[in-house]
Every structure is written in structure tokens, then in C-alpha cells.
Amino acid sequence: MMRTPLLRLAVPLCLLALAGCSLLGGGDKHPVTIYAPQVRVAADPAWPAANWQLVIAKPSAPRLIDSPRINVRPTPDQLEIYRGVTWSQPATDLLEDTVLRAFEDSGRIAAVARIATGIRSDYKLTMDLRRFEADYRGGTLPAATIELNAKLIHSTDQRVIASRTFLQVQPASATGTAEVALAFEQALQQVAAELVGWTLAAGQADSARTGGPQVTAKR
């Protein structure tokens, strides 16, 4: 799998949750490092080619996850955030962008787009992001942990043709936030590759059973 270096920007930001400063000024501004993973997923030769069209729904997630904050779980019953760092966008957007790009770059599918574009599709992919956190798991080093449930739905009759839960755990090489962010980049790469391959295989199996793509419903 190929990936590009993690983009890291250090900028002065005023975050209410982290710095306690006022949006109207008058408080101290603290530098915040923004991590912007740019993940590239190389196509697996084993992935089938699909002549059907796919739309990707915006992933859902609990409020604590659907945020640009970088979550860390030091103990099983405790969830905190790293101070002084943030993602460039909420975790659900990071996931959606990574998966969409992986499909587009694969060259294995006739057409893929976000659901908001309104293209006519044969299938719809939904994702429920359950975990997006650095988890110490009782050890001394955190691991980037991404867990999501995906469903592939037939656009015409809304059949759930396949459902699967994906879990990717990528240990960081150190406790620093740069190493944690890199572990998340690697975990995103792996989970996106698994998700794309599974979606293509499940869609092709259903398309073969039903006689090929219909592209009749706008979802």
C-alpha cells in the first residue's frame, strides 16, 4: 500500500474547549497543531471490476467521535482528548474522503460519488463510525483504533445485501501526537482498503445474482 506523508500544520488557534479563551479576543492564544492525513490506497489486483454505480452516504457517529478533536483512551473506562492538537476536519469527514478517494483511484468501478451529488446509483454504501481513538489498551503505547460498521444497500428496493464490522488497530511507535497521527493514517489506509475490496466483491456477487446493474433509482 502507498501513502503520502502526513500533513502537519502548526497554527495559532483559539479553542474554547482546550484554551478557555474568548472568541471576542482578550485571551491568550495557544498554538495548535493540525494534522491532515492524506491517505492513498493502492488497488489490490484481486479486487473485481464493477460495471455498477455507487453512492457513499455521509458516515454517522456519536458526537464525541464526529469531531476534529483527537480522542485518547488511557484506561478502558476513560476517554480524553489530546491538548494542543486537532484533526483538519471531523473524523467522519476524514473517513468519507479516504474511502471515496480509494474507490476513485482503484479504477475498479464504473462510477462512485457522494450521495449529495444525486447521481443515479445501483448501490449505496453507509458507514457507522463507532470508534476513532488512540487506545492504550492497558499498555505503554497507544494504538490508533478505528471501528466501523458498513452496509451495502441496493438502491432500488433498499435491500441490505451485505453488512460487516471492520476493526483496525495500528500501534503507534511512541506516545507523541505526531506518532499517534501517523498510526491513524496507517489505520485509515488499511480499513479503507478492506472496505473497498469487500464492497466491490459484495456488489458484484449481488449484481451477478440479479442480472446486472439497473441504475433506475436516484438515491
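Residues numbered from 1 in each chain as written. Predicted model: local features only at pLDDT ≥ 70, side-chain atom pairs only at ≥ 80, totals over all residues. Heavy atoms only, no water.

1. Overview of the pattern of salt bridges
Phase 1 of the analysis: With the rule as written, the count across this model stands at 12 salt bridges.
Phase 2 of the analysis: A salt bridge links R130 to E147; the shortest N-O distance between them is 3.8 Å. Pair noted here: R130 is in strand 9 (residues 123–135) and E147 is in strand 10 (residues 143–154), with a separation of 17 residues, a long-range link.
Phase 3 of the analysis: Its relative accessible area of 37% is what places R130 among the partly exposed residues.
Phase 4 of the analysis: Taking the relative accessible area as the measure of exposure, E147 reaches 18% and is therefore buried.
Phase 5 of the analysis: Linked through salt bridges whose partners overlap, the residues forming this network are R73, R131, E133 and D135. (Salt bridge = Lys/Arg side-chain N within 4 Å of Asp/Glu carboxyl O. Helix = DSSP H or I, 4+ residues; strand = E, 2+ residues; numbered from the N terminus. Buried < 20%, exposed > 50% of the residue type's maximum accessible area, 1.4 Å probe, protein only.)

2. Some words on the packing of helix 2 (residues 91–106) against helix 3 (residues 177–210)
Each packed pair of helices is defined by two parameters, the angle between the axes and the distance between the axes.
Phase 1 of the analysis: One can describe the packing of helix 2 onto helix 3 by two numbers: an axis separation of 9 Å at closest approach and a directional angle of 55°. Judged by the angle between their axes, helix 2 and helix 3 are oblique. The element helix 2 and its partner helix 3 pack so that their crossing is right-handed. In this structure, helix 2 contributes L95, T98, V99, A102 and F103 to the contact, and helix 3 contributes L188, A192, L195, V196, T199 and L200.
Phase 2 of the analysis: Residues belonging to the contact of helix 2 with helix 3 are distributed by class as follows: 9 nonpolar, 2 polar and no charged. (Axes fitted to C-alpha atoms, helices over the stretch in contact; angles between N-to-C directions. Parallel < 35°, antiparallel > 145°, perpendicular 65-115°, else oblique. Left-handed = near helix turned anticlockwise from the far one by under 90°. Contact = heavy atoms within 4.5 Å. Nonpolar A, V, L, I, M, F, W, Y, C, P; charged D, E, K, R; others polar.)

3. Details of the nonpolar core
Phase 1 of the analysis: In terms of nonpolar packing, the biggest core is built from 53 residues, with L54, I56, F103, L125, F132, I146 and L148 touching the most fellow members.
Phase 2 of the analysis: Where this core is concerned, the elements lending two or more residues are strand 3 (50–56), strand 6 (85–87), helix 2, strand 7 (109–114), strand 9, strand 10, strand 11 (160–171) and helix 3.
Phase 3 of the analysis: Per-element tally for this core: the top contributor is helix 3, with 14 residues.
Phase 4 of the analysis: Those residues in contact with L125, other than ones at most four positions away along the chain, are L54, V55, I56, A57, V99, F103, A150, K151, L152, L195, W198 and T199. (Core = buried A, V, L, I, M, F, W, Y, C linked by side-chain atoms within 4.5 Å.)

4. So, unusual backbone geometry
Phase 1 of the analysis: For R137, which is not glycine, the phi torsion reads 50° and is therefore positive.
Phase 2 of the analysis: The residue R137 is located in the loop between strand 9 and strand 10 in this model.
Phase 3 of the analysis: Backbone geometry places Q158, a non-glycine residue, at a positive phi of 65°.
Phase 4 of the analysis: With respect to the secondary-structure elements, Q158 resides in the loop between strand 10 and strand 11.

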